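# Working through the structure, step by step
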Amino acid sequence: MLRLNNIEVIYSDVILVLKGVSLDVTEGAIVALLGGNGAGKSTTLKGISGLLHTELGEVTDGNIQFEGVRIERKSPEEIVRMGIVQIMEGRPLFEQLTVDENIKVGAYTRSDSGAIKADAESVYAYFPTLARMRNRISGYLSGGERQMLVMGRGLMARPKIMLLDEPSLGLSPALVKEIFRIIKLINDDRKTSMLLVEQNAFVALSISEYAYVMENGRIVLDGPSEKLRENEDIKEFYLGLSQVGKRKSYREVKHYKRRKRWLA
């Protein structure tokens, strides 16, 4: 459904950020993209959604295909209309608008008013918390409520694939559990494909079918999520667990020399 073929991304004609990234998202699947800060995860999503152009970024090599069509030169508007929606890190909202108004903004590419109203009610069914605060000004929402709202707004575009950028960031464990439960529910109900960018490897691997690990603009490891959960490198570098199940200090992990096969 979505394929990145050896893409290279450069910012401002100078800064090389992605260095030959390839990955696939099959129809109806949840695929996780893991890695630390600065690995290139968000840049990968922006390359897919077309938002690189707003930050002086460009795909300079390779190609991105969605349902067999190359999209790396298309505008964000064209890409949304094709069925790709990015849920941004930071949970940006129209803060002066109400929850209900933000939800309806998500349908700006559509003209079927009757179906839009039905879809809004469907969003509220996924997020009962939002249903209770339809008329609240969005700027007063908590972090978890904002995450629900940006996801609900994205659903209003009827995406074929959602690009989720750090949905767990800054949320309590209880809220993280609830957000990921809803992500899996949406995927099950609507068969919406998901490309999930996360630093929280544990939760990402718990709901995804396949995962890629990124470091320094490259994919360094990939495989079925179930297999990666048992991978000792993943436990060491991303779950913070040694082979005997003891947590290592940040200093030990930071200075640990990657095995040769990690970057092979």
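Residues numbered from 1 in each chain as written. Predicted model: local features only at pLDDT ≥ 70, side-chain atom pairs only at ≥ 80, totals over all residues. Heavy atoms only, no water.

## Quick word on the overall build of the chain
Our working definition: Put simply, DSSP marks the helices as runs of H or I at least four residues long and the strands as runs of E at least two long, and each gets a number from the N terminus on. Between buried and exposed lies partly exposed: a residue is buried under 20% and exposed over 50% of the maximum accessible area for its type, with that area taken using a 1.4 Å probe on protein chains only. The contact definition used throughout considers only heavy atoms, calling two residues in contact when any of these lie within 4.5 Å.
If you tally the helices and strands in the chain, you get 11 helices and 10 strands. For the chain, the residues scored as buried account for 50% of the 264 residues in total. Pairs at least 24 residues apart make up 68% of the contacts formed inside the chain by residues separated by at least 6 positions.

## Here we look at the environment of Lys19
The criterion, for reference: Whenever a nitrogen or oxygen atom comes within 3.5 Å of another N or O atom, the pair is scored as a polar contact, on the condition that within protein one atom can donate a hydrogen and the other can accept it, and that pairs from neighbouring residues in sequence are kept only if both atoms are in side chains.
Looking at the element boundaries, Lys19 is found in strand 2 (residues 15-25). A sequence separation of 200 residues divides Lys19 from Ile219, and the C-alpha atoms of the two residues are 8.8 Å apart. Here the side chain of Lys19 touches Asn216 through a polar contact of 3.2 Å, landing on its backbone oxygen.

## Observations concerning the pairing of strand 4 (residues 57-66)
This is how the line gets drawn: Any two strands between which DSSP finds at least two bridges are classified as paired.
By the bridge criterion, 8 bridges tie strand 1 (residues 2-11) to strand 4 in an arrangement that is antiparallel. In the strand pairing of strand 4, Val9 is matched with Val59. For strand 4 and strand 5 (residues 69-70), the ladder comprises 2 bridges, and the chain directions are antiparallel. Across the sheet, residue Gln65 finds its bridge partner in strand 5, namely Arg70. Between strand 4 and the antiparallel strand that follows it, strand 5, lie 2 residues; Glu67 among them carries a positive phi value of about 50°.

## A word on unusual backbone geometry
Non-glycine residue Leu56 carries a positive phi angle of around 60°. As for its placement among the helices and strands, Leu56 is situated in the loop between helix 1 (41-49) and strand 4. According to the relative accessible area criterion, Leu56 is exposed, its value standing at 62%.

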